[in-house]
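# Breakdown of the fold
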Amino acid sequence: MMEMDEMTLKLDSLIEELATYEGKYVNLSAEIISADNQNMYTMDLLSTAIANRAIQLVNGFCLLVRDDNYLCAIPLIRLQLDNALRFYAFFLVKSRDNLFSHFSDGKPINKYRDSKNNFLTDNYLATNLDKLFKGVLDTYKNTSSHIHLSDQHLLATRLLRTDKSKPMRIGVGPKIDAFSVELKINFASTMNEVSRLVLIILNQWKLEKEGKS
């Protein structure tokens, strides 16, 4: 079991690692655009949009956790997972261009069917991606509970107690500390894993596009 100083260092290390993803997304985007003699596809437009969103989410997460605002930071993990799920959806359909037109017209992706005639719901995408990357479905379920008001937000008002024999304390305000360092490490670690997953899936398109030339 890690001591408090070790856990704090671990948390700082995870946040520093997250900060490196901006460069990774930018570099991968450049490689995608350059592939296949710079020929452009709808997947290029989508991949760069996702990379840009991923950068903003990572940077936002880092800012929030450095301010100890985990209640606002945690939902960003779910939004980052959304990047992975939505891009993965384009590998499941008969026509990526048709799905892109559907998507770019502002129509909900969960009303579009994949090549097996299943609607592209978030749960369906998470279930299928979990077969390739174990843990995706659990992450999807756990982080979704932080999007809408739930029991997680009730728990976030209960202040940490070192002495369990004392009455429960409730806190309201920006500086209440309702999350243990262990939980904070778990959140930062999960954001790292999901951000890495986005990179992996984006890279699949780069490899496919390179094979076209």
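The notes below deal with the structure included here. Predicted model only: the values in this text are computed from it and were never measured.

What counts as what
- Residues numbered from 1 in each chain as written.
- Predicted model: local features only at pLDDT ≥ 70, side-chain atom pairs only at ≥ 80, totals over all residues.
- Heavy atoms only, no water.
- Axes fitted to C-alpha atoms, helices over the stretch in contact; angles between N-to-C directions.
- Helix = DSSP H or I, 4+ residues; strand = E, 2+ residues; numbered from the N terminus.
- Parallel < 35°, antiparallel > 145°, perpendicular 65-115°, else oblique.
- Contact = heavy atoms within 4.5 Å.
- Core = buried A, V, L, I, M, F, W, Y, C linked by side-chain atoms within 4.5 Å.
- Buried < 20%, exposed > 50% of the residue type's maximum accessible area, 1.4 Å probe, protein only.

One way to put it is that helix α2 (residues 21-34) packs onto helix α3 (residues 42-66) with a least axis distance of 9 Å and a crossing angle of 175°. Considering the angle they form, α2 stands roughly antiparallel to α3. Residues Tyr21, Glu22, Tyr25, Val26, Ser29, Ile32 and Ile33 of α2 lie in contact with α3, whose contacting residues are Asp44, Ser47, Thr48, Ala51, Ala54, Ile55, Val58 and Asn59.

The subject of this paragraph is the environment of Leu199. Its place among the elements puts Leu199 in helix α9 (residues 181-210). Expressed as a C-alpha distance, the spacing of Leu199 and Ser29, which sit 170 residues apart in the sequence, is 9.9 Å. Ignoring anything within four residues of it in the chain, the contact list for Leu199 reads Tyr21, Lys24, Tyr25 and Leu28.

Our next topic: the nonpolar core. Within the largest apolar cluster, 59 residues are counted, with the highest numbers of intra-cluster contacts made by Tyr25, Phe61 and Leu120. Every element with two or more residues in this core is listed here: α1 (4-19), α2, α3, α4 (70-89), α5 (96-104), α6 (122-130), α7 (136-144) and α9. In terms of residue count, α9 provides more of this core than any other element does, twelve residues in total. Among all residues touching Tyr25, those that are not within four sequence positions of it are Ala51, Ala54, Ile55, Val58, Gln80, Ser195, Val198, Leu199 and Leu202.

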